[in-house]
Amino acid sequence: MILRTFAAVLLSLGLAAPAMAAQCGGSFDGFLAQMARDAQAQGVSAGVVNAAFSGLTINPQVMAFDRRQAATFRREGNFEKFIATRVGPARIKRAATMMQRNAALLRRVEARFGVPKELLMAIWTMETDNGGGDMGKLPVIRTLATLAHDCRRTELFQKELIAALKIVQRGDLPPDQLIGAYAGEIGQTQFLPSSYIKYGVDFDGNGHVDLRHSVPDVLASTANLLKTNGWRAGQPYDQGTENFEVMREWNTSELYRRALVLFAHNLGG
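Residues numbered from 1 in each chain as written. Predicted model: local features only at pLDDT ≥ 70, side-chain atom pairs only at ≥ 80, totals over all residues. Heavy atoms only, no water.

On to helix 10 (residues 154–169). In this model helix 10 runs 22 Å from its N-terminal to its C-terminal C-alpha over 16 residues, within 8% of the 22 Å that 1.5 Å per residue would give. With twelve of 16 residues buried, helix 10 is to be regarded as a mostly interior element. Turning to helix 10, its buried residues number three or more, namely Thr-154, Leu-156, Phe-157, Gln-158, Glu-160, Leu-161, Ile-162, Ala-163, Ala-164, Leu-165, Ile-167 and Val-168. At the C-terminal side of helix 10, Gly-171 shows a positive phi close to 85 degrees. (Helix = DSSP H or I, 4+ residues; strand = E, 2+ residues; numbered from the N terminus. Expected span 1.5 Å × (residues − 1). Buried < 20%, exposed > 50% of the residue type's maximum accessible area, 1.4 Å probe, protein only.)

Now the structure itself:
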């Protein structure tokens, strides 16, 4: 879909990021050499950087997709048409089954972070059908390097590229598992690397944050993003409420947030 995640919308808005030293455009190899220096200055080892950047080339498919989407990120379409393909009976039934299957885990997550299980299930299902759908098939490092080399939003994507290297550095995901979507989103609820670093929670206690394979980590990290940004436990989250505005940190699209609320209400939230 066009506005699949909070992450994709954030990228579309080109929000300010700390200035980086790497010069966008020009030689891709030269750009990577500068990015390597920036990454090492931020604590990423030379070994991780060299392995990640070895043989890296621009991905023209990523650039083509990015340019197609640029004109549509800010559009708000028809709500009925939007929900027709996202909040149908089959998905609601699937989510209800998954909610029952993960009942004990969801109680723990809600107790710690205050985010209702129905909303977490709505997010998890709409993003990737609870990890059973499309989480993306593109190497994240190559995707982000491609987007960072382009000068339209280079500072934002340079930040995300270094965050992705930090995911590898701290051992959360090996490079061959750092696979994602067309803007570098990772995992079952599609986190950007910077959000992965900032909000990721090791909820299964294995010492790593794994948002591709660990359901406890996925649900806890998603709830943590909302809690950290001001979620009010026990309060409503319909359109017009404070929590509905907090959900902008997940996705700035009002249409998408309304669909999440509808989905959650269909699950009893």
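Our next topic: the state of the cysteines. Scanning the entire structure with this criterion turns up one disulfide. Bridging Cys-24 to Cys-151, the disulfide has an S-S length of 2.1 Å. The chirality of the disulfide connecting Cys-24 with Cys-151 is right-handed, given an S-S dihedral of about 110 degrees. Pair noted here: Cys-24 is in the loop between helix 1 (6–13) and helix 2 (28–41) and Cys-151 is in the loop between helix 9 (140–149) and helix 10, with a separation of 127 residues, a long-range link. Cys-151 sits in the partly exposed class, given a relative accessible area of 44%. (Disulfide = S-S within 2.5 Å.)

Turning to the environment of Ile-92, a few remarks are in order. Looking at the secondary structure, you find Ile-92 in helix 6 (residues 89–101). Spatially, the C-alpha atoms of Ile-92 and Ala-264 are 9.0 Å apart, while their sequence positions differ by 172 residues. Ignoring any residue separated from it by four or fewer positions in sequence, one finds Ile-92 in contact with Val-87, Phe-263, Asn-266 and Leu-267. (Contact = heavy atoms within 4.5 Å.)

Where helix 2 meets helix 10, the closest approach of the two axes is 10 Å, and the angle between their N-to-C directions is 60 degrees. By the criterion of interaxial angle, the relationship of helix 2 to helix 10 is oblique. In the packing of helix 2 onto helix 10, the handedness of the crossing is right-handed. In this structure, helix 2 contributes Phe-31, Met-35, Asp-38 and Ala-39 to the contact, and helix 10 contributes Thr-154, Gln-158, Leu-161, Ile-162 and Leu-165. A per-class count over the contact of helix 2 with helix 10 returns six nonpolar, two polar and one charged. (Axes fitted to C-alpha atoms, helices over the stretch in contact; angles between N-to-C directions. Parallel < 35°, antiparallel > 145°, perpendicular 65-115°, else oblique. Left-handed = near helix turned anticlockwise from the far one by under 90°. Nonpolar A, V, L, I, M, F, W, Y, C, P; charged D, E, K, R; others polar.)

By themselves, these observations are geometric and do not establish any function.
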